[in-house]
Amino acid sequence: MAARVGLTDLAEEPSSKDQKPSLVTLRIPSDEEFDELCFEFGLELDEITSEKDIISKEKGEEKAKGASDVVLYKIDVPANRYDLLCLEGLVRGLQVFKERINIPRFEKIIPAEGEGQRLIITEQTAQIRPHAVAAVLRNITFTKDRYDSFIDLQEKLHQNICRKRALVAIGTHDLDTITGPFTFTAKAPSEIKFKPLNQSQEYTASQIMDLYRTDSHLRHYLHLIENKPRYPVIYDSNGVVLSMPPIINGDHTKISLNTRNVFIECTGTDITKAKIVLDVIVTMFSEYCEKPFTVEAVEVVYPNGKTHVYPELAYRTEKVKPEYINKKVGISETPSSLAKLLTRMCLKSHVTGNGNHLEVEIPPTRADIIHACDIVEDAAIAYGYNNIQMVIPKTYTIANQLPLNKLTELLRLDLAAAGFTEALTFALCSQEDIADKLGMDISATNAVLIANPKTAEFQVARTTLLPGLLKTIAANRKMPLPLKLFEISDIVVKDPNTDVGARNYRHLCAIYYNKSPGFEIIHGLLDRVMQVLEVPPNEENGYTIKAAEVASQFVNEACVRELAADDGVRFMVGYHANIMNFCLVLALVPVQAYSQAIKGDMPTYPLDDSKLYFFKQTKALLSFLVAVLRSLPKVKALANLESYTLMLSPSEHGTGWAKALPGGCQGIMAWHTRHL
């Protein structure tokens with residue numbers, strides 16, 4: 001959260017005896033001191049900035065002109081500490097922590113019979129938002145900063161505990177502009193008509209939904225009720241619309257700096273969350289009432305006739321043994337010392353009995369305290385994590401690296417030593433990345449699909465590391481060649497035998513990108529990996545390189561097979577390679593054709609669309625073949641989907657084989673361009 005801290009919020013009075021009694025000198029803590037204070041309180045000061053700096057970074061210096069230079073402290077607040085989401089609660093908590101003020105006690109004032117406010121819930125709301133709670137802040141005084149903080153707290157609660165208004169929606173109204181009792185009901189959209197907040201005319205509920213369909217803020221909440229036959233709405237006794245939760249309040253009841261009495265209503269699908277939200281709002285801002293820390297109760301009447309008074313502002317007591325706290329934290333404090341530590345965390349505590357128990361009072365602001373372990377955590381924070389002495393546990397719990405992770409780290413070192421650079425890509429990708437672009441059907445990938453993906457780029461968990469590396473190559477094509485990348489990470493596939501329905505596997509993927517194919521480089525890397533893993537190159541208990549059977553699979557996992565011709569010359573059988581919008585065709589001229597090639601009679605070798613061949617020989621033999629082919633001026637280039645024939649003419653390819661056959665390549669090849 002971003003909180004404005006005023007000059008006197010955390011200021012200290014000096015203890016100098018020479019100070020004049022008519023003056024009060026305040027010492028403003030430095031940024032370093034405030035950072036340390038936040039850490040002691042269990043928070044983290046994320047950034048020190050200003051509105052001007054934020055706008056300047058996001059939109060440029062021109063847009064930042066005229067913005068405020070007021071210092072903003074961005075503080076990371078735990079998700080369950082709702083009482084720290086506004087400046088009032090944060091400063092109050094820090095003041096109590098520093099023992100400068102006592103813990104305030106909140107009081108619920110129940111008006112005399114017939115004088116209080118009532119909120120009547122009708123049975124029509126049962127299928128939409130069945131719960132509602134309410135309270136009144138009497139004689140409150142707003143300033144600009146207080147008003148902004150009041151609105152900001154509501155928005156933070158909406159995004160946090162309210163789950164973007166799905167569980168709870170907050171409405172605040174100027175009580176002096178309306179008359180109770182209030183009715184919370186549900187009507188057909190055509191029957192609801194009022195002027196929404198900050199609008200100049202009245203709209204029906206259906207028109208309001210259309211009006212805010214393009215609104216950057218409110219459009220995210222429309223889906224909560226737009227498909228319902230009835231929309232929830234709150235009226236006063238004169239038929240004035242207070243709000244249409246969870247979308248918008250009425251303009252008639254909007255609060256301002258001049259508002260003196262605030263009616264707060266929280267409607268939702270979760271009554272527990274609604275009560276917590278109401279308690280947080282009234283406890284944070286009741287200090288600005290004429291009688292601080294007092295809240296006027298509202299009677300809520302349910303459809304069955306039962307009534308309940310809100311806010312609850314419930315205090316409860318928990319008992320904890322001092323030795324339990326000392327044991328869990330690893331300290332040896334006295335019961336009275338522990339009680340003092342907990343009191344500094346707004347948990348008023350005292351020792352009971354013979355010192356065997358601590359009685360801890362949980363205030364309505366601390367909805368996060370559920371179990372004794374939560375009390376222990378606050379005691380540890382107040383004691384100071386840095387003050388806890390580090391000791392070796394009495395049980396044998398020496399940590400050790402997982403064997404799989406240890407092997408991964410060792411492989412990373414060897415791959416880096418081989419000249420490859422490690423890449424770290426996203427574990428989520430699109431369905432196209434692992435299916436369409438690799439020539440596979442999505443059903444064959446056994447991929448785990450994301451139920452509600454935010455973008456099309458993150459639809460499934462990856463089943464192979466190859467798409468991520470190819471996308472990395474595509475994004476870095478302007479970098480000097482060659483690019484040699486590798487990644488060792490987990491992939492995810494479905495597994496009905498596990499409790500979560502999926503299983504992780506650790507995979508290694510390496511890619512070599514250059515003007516020349518460089519198959520021998522990848523082959524050499526594979527051999528090196530097998531060597532360091534002590535896997536011998538044999539079929540019995542080692543590894544072999546074999547062809548994959550599925551012709552449509554991308555590069556078929558780069559699998560190839562080494563075969564022997566009748567005359568002893570060895571060649572490789574590979575598969576179709578479709579890499580980044582172009583098709584690499586590897587062709588083979590068997591030795592039996594050499595004599596015919598020399599005579600000028602180059603035969604053709606029909607191949608299916610998936611299998612391609614290239615010849616593996618020594619550099620000397622390769623040089624010989626190049627020399628032979630250079631001597632054939634009538635050799636032509638030909639390629640189609642049914643067959644591939646190696647027939648290249650030097651006159652048609654610049655310097656001939658010097659370009660057609662890049663250096664370092666151990667094969668004769670032709671390039672068939674596709675969408676280049």
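Since the structure is predicted, the reported quantities are computational estimates derived from the model, not experimental observations.

*Asks:* Can you help me understand the sheet that holds strand E19 (residues 357-362) in this one?
*Replies:* What holds strands together in a sheet is hydrogen bonding between their backbones, with the strands either parallel or antiparallel. If you trace the 3 strands from one edge of the open sheet to the other, you get E17-E19-E18, paired in antiparallel fashion. Only two strands of the sheet have a single partner each, and these edge strands are strand E17 (316-320) and strand E18 (349-352). Recorded for the sheet is a direction-independent mean angle of 30° between the axes of neighbouring strands. Of the pairings in the sheet, the one linking E18 to E19 comprises 4 bridges and is antiparallel in character. Residue Val 351 lies in a different strand from E19, and its bridge partner there is Leu 358. Packed onto the sheet, helix H9 (residues 335-344) meets E18 and E19 and runs at close to 160° relative to E18.

*Asks:* Please clarify how the pairing of strand E12 (residues 241-244) should be interpreted in this entry.
*Replies:* As a general feature of sheets, a regular strand has side chains that alternate between the two faces. Of the strand pairs in this sheet, strand E11 (residues 231-235) and E12 are connected by 2 bridges, and their pairing is antiparallel. Counted as the bridge partner of Ile 234 is Ser 243 from E12. The antiparallel hairpin formed by E11 and E12 contains 5 residues in its connecting segment, where Gly 239 sits at a positive phi of about 85°. Where E12 folds back on strand E13 (residues 248-249), the antiparallel hairpin that results is connected by 3 residues.

*Asks:* Is there a simple way to think about the pattern of salt bridges in this case?
*Replies:* Proximity of charged atoms lets side chains of opposite charge pair with each other. Tallied over the full model, the rule gives 27 salt bridges. Note that Glu 47 is salt-bridged to Lys 57, the shortest N-O span being 3.3 Å. Linking Glu 47 in strand E2 (residues 44-50) with Lys 57 in helix H2 (residues 51-59), this pair joins segments that are 10 residues apart in sequence. Judged by relative accessible area, which is 64%, Lys 57 ranks as exposed. Connected through salt bridges with shared partners, the residues Asp 433, Lys 437, Glu 457 and Lys 471 form a single ionic network.

*Asks:* I'm lost on the side chain of Gln 117 in this one. Help?
*Replies:* Note that Gln 117 resides in strand E5 (residues 117-121). Taking the relative accessible area as the measure of exposure, Gln 117 reaches 14% and is therefore buried. When near neighbours in sequence (up to four residues on either side) are disregarded, Gln 117 contacts Val 136, Arg 138, Leu 175, Gly 180, Phe 182, Glu 296, Val 298 and Glu 299.

What counts as what
- Residues numbered from 1 in each chain as written.
- Predicted model: local features only at pLDDT ≥ 70, side-chain atom pairs only at ≥ 80, totals over all residues.
- Heavy atoms only, no water.
- Pairing = 2+ DSSP bridges.
- Helix = DSSP H or I, 4+ residues; strand = E, 2+ residues; numbered from the N terminus.
- Axes fitted to C-alpha atoms, helices over the stretch in contact; angles between N-to-C directions.
- Contact = heavy atoms within 4.5 Å.
- Salt bridge = Lys/Arg side-chain N within 4 Å of Asp/Glu carboxyl O.
- Buried < 20%, exposed > 50% of the residue type's maximum accessible area, 1.4 Å probe, protein only.

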